[in-house]
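A closer look at the structure
The primary structure of each chain is shown beneath.
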Amino acid sequence: MINNTKILYDEKVKSLAEKYENQGFRVFFQPKKDKLPFDLGNYQPDIIAIREGLSLVIEVKTNLSRVSVERLQALAEEVSKHQDWRFLLVTLEDIEAKSLPGTSERLPSWQDLADRFHEAHRLIENNEIEQAFKAAFLLLWSTFEGALRKRAVDVSIPIERFPIIGLLKHMYSLGELSISQFDFAQFCFEAWNSLAHGYIQSPYSGNVLEFDTLVSELLTEWTPDDQKESLTIRASHEFLNSVVNDGLAKAQKTYPLVESASQSADIDLINDSFIGMWSDRQDLADSTAWVRGVRENEWSKSHD
């Protein structure tokens, strides 16, 4: 297995080096520290490809299971400080692309994504037509996935070429998605996967509207401040609210709410012993770091 992995790695590196050379890059294989154009500590890249206007520091991995994205994010941030330089992570599990990694690949702009988002709204407006909801759902997914990859590039997380499941997990692990957003995105992915591959799948209108809200929130949060004024993401919220209210009204007629037979007892949270029970836990001082560590530990176990 080790020999096979080494063979796959060597073949990938050799193939990339040849392709970059054919594109006019000067290519250096595993350059030593003193050969690097700037200080990257003890890090040794697999490839450096240099061309006027674009130079790449390239890390090659045979699979995603052992990728330390946090470490590579720090490297990507350092590389991006140097004009025309970019850090690139290439794996054998990357999404397929005709272009050479890091060269002519082009993600949509935030304006492109906003336009795509509004096109989905126009489809949702025809909420009496089932096919319109299906088309809106597919378009929303395209917007969502494009926004994930665009955000990863903007914050120097070098995973924009990852398959969607790996992309989702790492964006969640690094705090770009909340647990509820991550869970719902996985649910939507399963629906998208069935629909996109020809299976019978009719997204429930409530799920489409909830997905619409999620995409809207992420576009609003992730679009750089200097570009937000030119976008009209928020302007669509009045329209969305009208669609949501209309949909809820129809749903309540079809599926009336049932009141709970019992009411929860009043709880004195301030004096409850449950509150503050872990106040002496030093490892929880930084809750974000603690949660991130637990996630990465559990996921690494699943790949062992």
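Preceding this paragraph is the structure being described.
The structure reproduced in this document is the subject of the present report. Bear in mind that the values here come from a model prediction, so they are computed numbers and not experimental data.

1. With respect to the overall build of the protein chain
- Counting its regular elements, the protein chain contains 10 helices and 4 strands.
- For the protein chain, the N- to C-terminal ordering of α and β elements is α-β-β-β-α-β-α-α-α-α-α-α-α-α.
- Here the protein chain holds 304 residues, and 38% of them are scored as buried.
- Within the protein chain, counting contacts between residues at least 6 apart in sequence, those at least 24 apart form 64% of the total.

2. Overview of the packing of aromatic side chains
- The final tally for this structure, using the stated rule, is 13 aromatic pairs.
- Residues Trp 141 and Phe 211 carry aromatic rings whose centres are separated by 5.9 Å and whose planes lie at 35° to one another, so their mutual orientation is tilted. In this pair, Trp 141 sits in helix α4 (residues 130-154) while Phe 211 sits in helix α7 (residues 205-222), placing the two residues 70 residues apart along the sequence.
- A ring pair is formed by Phe 144 and Phe 211, whose centres lie 5.6 Å apart and whose planes are at 65°; its orientation type is edge-to-face. One end of the pair, Phe 144, is in helix α4; the other, Phe 211, is in helix α7, and 67 residues separate them in sequence. Each member of the pair, Phe 144 together with Phe 211, is buried.
- Linked through ring pairs, Phe 137, Trp 141, Phe 144, Phe 184, Phe 187, Phe 189, Trp 192 and Phe 211 together constitute an aromatic cluster.

3. Observations concerning the pairing of strand β4 (residues 85-91)
- Most of β4 is tucked away: 6 of the 7 residues are buried.
- In this structure, strand β3 (residues 54-61) lies alongside β4, joined through 7 bridges in parallel fashion. Bridge assignment links Ile 58 to a residue of β4, and that residue is Leu 88.

The rules behind each value
Residues numbered from 1 in each chain as written. Predicted model: local features only at pLDDT ≥ 70, side-chain atom pairs only at ≥ 80, totals over all residues. Heavy atoms only, no water. Helix = DSSP H or I, 4+ residues; strand = E, 2+ residues; numbered from the N terminus. Buried < 20%, exposed > 50% of the residue type's maximum accessible area, 1.4 Å probe, protein only. Contact = heavy atoms within 4.5 Å. Phe/Tyr/Trp six-rings, centres within 6.5 Å; stacked < 30°, edge-to-face > 60°. Pairing = 2+ DSSP bridges.

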